[in-house]
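Commentary on secondary and tertiary structure
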There are 2 protein chains.
Amino acid sequence: MLHLNLCHIRKLYRVLTIACLFTAAAGYRHVSKTAAKTLDEFDYDGPLMKTEVPGPKSRVRGDVLVFLQNVGAVHFFCNYEESRGNYLVDADGNRMLDLYTQISSIPIGYNHPALMKVLAKPHNLSAFVNRPALGILPPENYPERLMESLLSVAPRGMSRVQTMSCGSCSNENAFKSMFIWYRNKERGHNEPSQEELNSCMINQGPGCPDLSILSFMGAFHGRTMGCLATTHSKSIHKLDVPSFDWPIAPFPKLRYPLEEFVRENAQEEARCLEEVEDLIVKWRQKGKMVAGIVVEPIQSEGGDNHASPDFFRKLRSIARKHGCAFHVDEVQTGCGPTGKFWAHEHWGLDDPADIVSFSKKMLTGGYFHKDELMADKPYRIFNTWMGDPSKNVFLTEVLNVIKTEHLLEEATRSGKALLQGLYELQVQGGDGRRYHRGFGRCFKQLFSPQAQYPHLLSAARGVGTFCAIDARDDATRNSLISKARDKGVILGGCGEKSIRFRPALVFKEYHVHLFLNIFNDVLAEHKVFRFRQKGFVPAEETLKVN
Amino acid sequence: MLHLNLCHIRKLYRVLTIACLFTAAAGYRHVSKTAAKTLDEFDYDGPLMKTEVPGPKSRVRGDVLVFLQNVGAVHFFCNYEESRGNYLVDADGNRMLDLYTQISSIPIGYNHPALMKVLAKPHNLSAFVNRPALGILPPENYPERLMESLLSVAPRGMSRVQTMSCGSCSNENAFKSMFIWYRNKERGHNEPSQEELNSCMINQGPGCPDLSILSFMGAFHGRTMGCLATTHSKSIHKLDVPSFDWPIAPFPKLRYPLEEFVRENAQEEARCLEEVEDLIVKWRQKGKMVAGIVVEPIQSEGGDNHASPDFFRKLRSIARKHGCAFHVDEVQTGCGPTGKFWAHEHWGLDDPADIVSFSKKMLTGGYFHKDELMADKPYRIFNTWMGDPSKNVFLTEVLNVIKTEHLLEEATRSGKALLQGLYELQVQGGDGRRYHRGFGRCFKQLFSPQAQYPHLLSAARGVGTFCAIDARDDATRNSLISKARDKGVILGGCGEKSIRFRPALVFKEYHVHLFLNIFNDVLAEHKVFRFRQKGFVPAEETLKVN
């Protein structure tokens, strides 16, 4: 048995860090041999890189697509047929461990056998070939389908669900539901006046009332014009598009780790909540009543900004107090990544919300709502497709897999390992030691090529695998993501300088270690590069220069 | 050979009408035995009704669904697996000839063999199982898929396409493209100012400018909040939802048939065009520049309101003159029902539009646009899914079938027969005779059970199978639709009192005759019912009363 004290650990770390620098600089094989091998049959056993990314085949395709679309956001082209589990394969045959999963929208990995089987069953096929107008002509099995899929995971207090085609449509219609509910309350549930019916036809009040939705700075709720009026994450999303004069409250800017800054964070949250109430009153005085409040359990696009359960409990109370509907947007947080099916379950409320919207991992857009938020008449919340039953067929299977493979527990377990690893990468010296649980972990860490990069990384945070970490700045973040990709790991950015982790629910602890090894290499190389820029060149490198 | 003059024809018509009244009242078999039998293998050979609609099985399902959703708009529940070609089968086994096709969204009939084959090909399956974030990680075959599907039917002057998930999202993003294009012009294609970037984050100008889209009364462009500000068809769509102060022009209220009222209609169109120009100037003076004009080639939800090609040519010129983008919304008219792939092709313009949006029969939402309407930067027009490649796989097959089975010609041919039949049902005495082409048609008609219902029907109109007819009033329209359904024909309503016909592109001439026979029965029964209300009871009926 090996006995080490803190001093030993620090020394060994330093040695390992330097060793790592050299090996990385010399083309160190980025896939750690220590990665566990107990992979499921539909998963690959590790990344496999053949070219840089985007490789030549992706580039050729990009050169064609550029004539058809703006391709400025395209990363590379994918071979979805060859992708499996946690691994996305690109057009050049590069196989990458995917921690971004199509902007957090692949629930149980690529080509999951359970989903492939859906298409092998003849009785499922008509759902794909004949897309119905769900609001008028639902399939005969539709009530059962809803119950075995969406209703089986209905948030507390909600027994009604309306599907939609995408996240934006879900939020738009959720907003409309709140406006309709609010006006019905105001008119005492009487029929609308002729003046209302006439004026709304020409976009004027009282038929089109001056109601508003309160949202938060940093929020992202979609890009259609109603949603966009509540989205405040990046200017490029909003520039040049007309908007509504709706109230925007500050979202708490917390310090991480949350457990360490409880008092400061509580103060910051109180400040924001006070502002919320002030804005509701101010808008009421302007004659623009706040019909609803919309909030994400974790602001995702805006930079993975967290708030405490206490904040959300109080916010929910403020909504109730002022007669505003409370809409929780779980488009990105929903369907398990936080270790609970809905992120708002972490708040521990019996009556968490009036509306909960979803999309992405749920495969179909839509929203759950309380009885009273149901539109009073048909055709008020309506469109041609109103979702897509073929997505419900897949969702039923996804929910089965989540249940039978205990994927929520998996997300909790993997998430803990991921966050722990991120803490270890960001901490300086002893600061991070508090996260080491016992000798075993210290020992393991000493012999893993992990190093500490406090100058590069900070503010590791997360619930389940829904984690993020801040890079030093935007350029560093982008460079780290790009280098990780070349080494076989797909990451996403969010906010100004954050890296977000959005693996599928089949992302297991050994995937975490695989990722951490590779990410460590990336960070190590970044360090070398930085030293080089400053004039420091490791010995082996000097030889190579000649 | 039988020789008949006009007098004979009138007499025979009268006899047939009365005979028809009696047989209909006595439970006349509604499926005409004269319907042609040369049906494709995937079609049924006629309606087959077992219960009223909704039948008991639909009702039971409705009683369940009511606990989950507002079911006020649900007609009945469908057995999509058993549906074929032009026939929709319901949960009770009733088989109906479908002239509404899921609000005009089934292009080539139910369970078309070509679409079923798509799902039998293993290499197609990953497109269904792994829905990508198209804007960042498109499938490797995506450029080819776009070219063989959407780009193969690109409207004149447009080589770029952006897919979206549904019609509303398509129009919302088309509007955003117009706003971005307009502001880029205004700022001389320079970078936005810091003030713009900052102000847009809080929904304020100059970053969120006070731009507008001009739309028409009676228009329908969707139900999300940007679209809804351009939708003016029914108050129930708009009531209680905040809107934008955007200009709304009158849409021509034409008299039908168009060929008969050329002079009056031209005057009406001139009046509307003048108003369009006035509104653009007025809004400019208000500081709310009109960035774009959006229009449907035929106002569909608003009541199948037509305007002449000349109107649209002039409208397009007005848009150009005032520097507004011209957006043609082909969500309902596109993909062939008018006999041309896009309805705007009937205008005969080389440069018909800047943007053409689509959805419904195209299976995927999206819009074509000219080069200059492409957003200047990535992530300005963006969302997670940006469409669904699995829909493109089906669309490729749909376009193949349209081409190989000459379905545009079919729509023209069937449409002519349908419109002719509608004229004949609505005309009084000799008025309709001008539409009879030669002796053969007169002869055929004499021995069909068609009658004339000028007191019930008027204003038959249409291009291709995209036809409509007005009922006397809303109640009559609804009653006719409901009775037709009980006799095995599905129709849709639109506007205040119109019936719209939206069959699939595989709707052939013999389906037209099958429909006309049944519809004639419905009208005949309606006549009886009306007489009965007035105290008139045909002889056979008197016997039955006792």
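As a reminder, the structure under discussion sits directly above these lines.
So, here is what we can say about the structure in this document. (Residues numbered from 1 in each chain as written. Chains lettered and ligands numbered in written order. Predicted model: local features only at pLDDT ≥ 70, side-chain atom pairs only at ≥ 80, totals over all residues. Heavy atoms only, no water.)

Things to note about the overall build of chain A
The condition is simple: Strands here are runs of E lasting at least two residues and helices are runs of H or I lasting at least four, both read from the DSSP assignment and numbered beginning at the N terminus. We call two residues in contact whenever any of their non-hydrogen atoms come within 4.5 Å of each other. The Shrake-Rupley method, run with a 1.4 Å probe, gives the accessible areas here. Residue values count only the displayed protein chains as cover.
Across its full length, chain A carries 18 helices and 14 strands. Looking at chain A alone, contacts between residues at least 24 apart form 74% of all its contacts between residues at least 6 apart. Accessible area of chain A: about 19,600 Å², with a carbon and sulfur share of 54%.

What about unusual backbone geometry?
All names here are of chain A. G205 connects to P206 through a cis peptide bond whose omega is 0 degrees. Phi at C335 takes a positive value of approximately 70 degrees, unusual for a residue other than glycine. Looking at the secondary structure, you find C335 in the loop between strand 7 (325-329) and strand 8 (355-358).

Structural notes on the relation of the copies chain B and chain A
Defined as follows: Here the copies were fitted onto each other by least squares, based on C-alpha atoms from residues at pLDDT of at least 70 in both.
By a simple turn and slide, chain B fits onto chain A: the slide is 0.0 Å along the axis, the RMSD is 0.0 Å, and the turn is 180 degrees. Seen this way, the second copy is the image of the first under a two-fold rotation axis. A shared binding surface is used by both copies, with 100% of the interface residues of chain B retained as interface residues in chain A.

Thoughts on the packing of aromatic side chains
Applicable threshold: Here a Phe, Tyr or Trp ring, Trp counted by its six-membered ring, pairs with any other such ring whose centre lies within 6.5 Å, and the pair is stacked when the planes are under 30 degrees apart, edge-to-face when over 60, and tilted otherwise. Here, over-ring charges are defined by two tests on the NZ atom of lysine or the CZ atom of arginine: distance to the ring centre within 6 Å, and angle to the ring normal within 35 degrees.
Within the structure shown, the criterion is met by 40 aromatic pairs over all chains. Pairwise contacts between aromatic rings join A:F179, A:F244, A:W246, B:F179, B:F244 and B:W246 into one cluster. The aromatic ring of B:Y256 is capped on one face by B:R461, whose charged end is 5.1 Å from the ring centroid. Above the face of the B:F466 ring, B:R502 is positioned so that its terminal group lies 3.6 Å from the ring centre.

Considerations on the interface of chain B and chain A
Many descriptions give the size of an interface as the accessible area lost when the pieces come together. Stated formally: Joining two parts hides part of their accessible area as seen by a 1.4 Å probe, and the buried area is that hidden amount summed over both. We count a salt bridge whenever a side-chain nitrogen from Lys or Arg sits within 4 Å of a carboxyl oxygen from Asp or Glu. N or O atoms within 3.5 Å of each other form a polar contact, as long as, within protein, one can give a hydrogen and the other can take it, and as long as residues adjacent in sequence are counted only when both atoms are side-chain atoms.
Taken residue by residue, the interface counts 121 residues in chain B and 121 residues in chain A. Between chain B and chain A the total buried area reaches about 10,900 Å² when both faces are included, carbon and sulfur atoms providing 62% of it. The tally of links between chain B and chain A comes to eight salt bridges. For the salt bridge of A:R183 with B:D240, the shortest nitrogen-to-oxygen distance reads 3.8 Å. The interface formed by chain B and chain A contains 61 residue pairs in polar contact (both at pLDDT 80 or more).

A look at the sheet that holds strand 11 (residues 466-471) of chain B
Residues and elements named next belong to chain B. Here is the rule: DSSP bridges decide pairing: two strands pair if at least two such bridges lie between them. Helix axes use the C-alpha atoms of the stretch in contact, all axes being lines fitted to C-alpha atoms, and the angles between their N-to-C directions lie in the range 0 to 180 degrees.
The strand order across the open sheet built from four strands is 10-11-14-13, with neighbouring strands paired in antiparallel fashion. Two strands in the sheet have a free side with no partner beyond their single neighbour: strand 10 (457-463) and strand 13 (492-494). Sheet twist, expressed as the average angle between the axes of neighbouring strands with direction ignored, equals 30 degrees. As judged from the three bridges shared by strand 13 and strand 14 (residues 498-501), these two strands associate in the antiparallel manner. Considered in strand 14, the bridge of G492 is made with R500.

Observations concerning the state of the cysteines
To keep it simple, the criterion reads: The definition used for a disulfide is geometric: two cysteine sulfur atoms within 2.5 Å.
Scanning the model with the defined rule gives zero disulfides over all chains in all. Cysteine A:C166 remains unbridged, with the sulfur of B:C169 as its closest cysteine sulfur at 3.5 Å. B:C272 carries a free sulfur, and the closest cysteine sulfur to it, the one in B:C324, is 17 Å from it.

What about the sheet that holds strand 2 (residues 95-98) of chain A?
Residue and element names in this part refer to chain A. Read across the sheet, three strands follow the order 1-2-12 without closing on themselves; strand pairing throughout is mixed. Two strands close off the open sheet at either side, each with one partner strand: strand 1 (87-89) and strand 12 (489-490). By the bridge criterion, two bridges tie strand 2 to strand 12 in an arrangement that is parallel. Within the sheet, the bridge partner assigned to D98 lies in strand 12 and is I490.

Here we look at the nonpolar core
Using the following cut-off: What makes a nonpolar core is a set of buried Ala, Val, Leu, Ile, Met, Phe, Trp, Tyr and Cys residues whose side-chain atoms join them at distances within 4.5 Å. Only protein chains enter the area calculation, which uses a 1.4 Å probe; residues under 20% of their type maximum are buried, those over 50% are exposed, and those in between are partly exposed.
If you look at the biggest cluster of nonpolar residues, it comprises 223 residues, and the most contacted ones within it are A:F216, A:I293, B:F216, B:I293 and B:I402. The contacts of B:I402, once residues within four sequence positions are left out, are B:I108, B:C335, B:F341, B:L407, B:L408 and B:L505.

A short note on the side chain of A:N383
Residue and element names in this part refer to chain A. Here N383 is to be found in the loop between strand 9 (365-369) and helix 13 (389-404). Here N383 falls in the buried class, since its relative accessible area comes to 15%. Polar side-chain contacts of N383 include one of 3.3 Å to the backbone nitrogen of W385. At 2.6 Å, the side chain of N383 and the backbone nitrogen of M386 are in polar contact.

Focus on the pairing of strand 6 (residues 290-295) of chain B
All names here are of chain B. We apply this condition: If the strands point away from the viewer and the path from the first strand over the helix to the second runs clockwise, then the crossover is right-handed.
Burial analysis of strand 6 places six of its six residues in the buried class, the great majority of the element. Sheet analysis places strand 4 (residues 212-216) next to strand 6, joined by three bridges and oriented parallel. If you follow L214 over to strand 6, its bridge partner there is I293. Note that the unit made of strand 6, helix 12 (residues 309-321) and strand 7 (residues 325-329) has a crossover that is right-handed.

Remarks on the pairing of strand 3 (residues 160-164) of chain B
Along any regular strand, the residues point their side chains to alternate faces of the sheet. Residues and elements named next belong to chain B. Most of strand 3 sits inside the fold, with five of its five residues counted as buried. Of the two faces of strand 3, the one holding R160, Q162 and M164 and the one holding V161 and T163 are both buried throughout. Examined bridge by bridge, strand 3 and strand 9 (residues 365-369) share five bridges and lie antiparallel to one another. Bridging across to strand 9, M164 finds its partner in G365.

What about the pattern of salt bridges?
Residue and element names in this part refer to chain A. Scanning the model with the defined rule gives 66 salt bridges over all chains in all. Here R500 and E301 are joined by a salt bridge, their closest N and O atoms 2.7 Å apart. Within this pair, whereas R500 is found in strand 14 (residues 498-501), its partner E301 is found in the loop between strand 6 (290-295) and helix 12 (309-321), the two being separated by 199 residues in sequence. The pair formed by R500 and E301 is uniform in burial state, with each residue classed as buried.

Here's the deal with the packing of helix 4 (residues 113-120) of chain B against helix 13 (residues 389-404) of chain B
All names here are of chain B. What counts here: Take the far helix as the reference: if the near one is turned anticlockwise from it by less than a right angle, the crossing is left-handed, and if turned clockwise, right-handed. Just so you know the grouping, Ala, Val, Leu, Ile, Met, Phe, Trp, Tyr, Cys and Pro go in nonpolar, Asp, Glu, Lys and Arg go in charged, and all remaining residues, Gly too, go in polar.
Relative to each other, helix 4 and helix 13 sit at 145 degrees, their axes nearing to 9 Å. Helix 13 is crossed by helix 4, and the crossing has right-handed handedness. The residues of helix 13 that touch helix 4, namely those facing A114, L115, V118 and L119, are V393, F394, E397, V398 and V401. A per-class count over the contact of helix 4 with helix 13 returns eight nonpolar, no polar and one charged.

Considerations on the environment of A:W246
Residues and elements named next belong to chain A. Counting through the fold element by element, W246 comes out in the loop between helix 10 (235-238) and strand 5 (248-249). According to the relative accessible area criterion, W246 is buried, its value standing at 4%. The spatial distance from the C-alpha of W246 to the C-alpha of S359 is 24 Å, given a sequence separation of 113 residues. Polar side-chain contacts of W246 include one of 3.3 Å to the backbone oxygen of L211.

Concerning helix 7 (residues 167-186) of chain A
An α-helix turns once every 3.6 residues. As a result, residues three or four positions apart point the same way. Residues and elements named next belong to chain A. Applied cut-off: Expected span of a helix: the number of residues minus one, times 1.5 Å.
In this model, helix 7 (20 residues) spans 29 Å end to end at C-alpha, consistent with the 28 Å of a helix rising 1.5 Å per residue. When you tally the buried positions in helix 7, you get 18 out of 20 residues, the bulk of the element. G188 lies just past helix 7 and shows a positive phi near 60 degrees.

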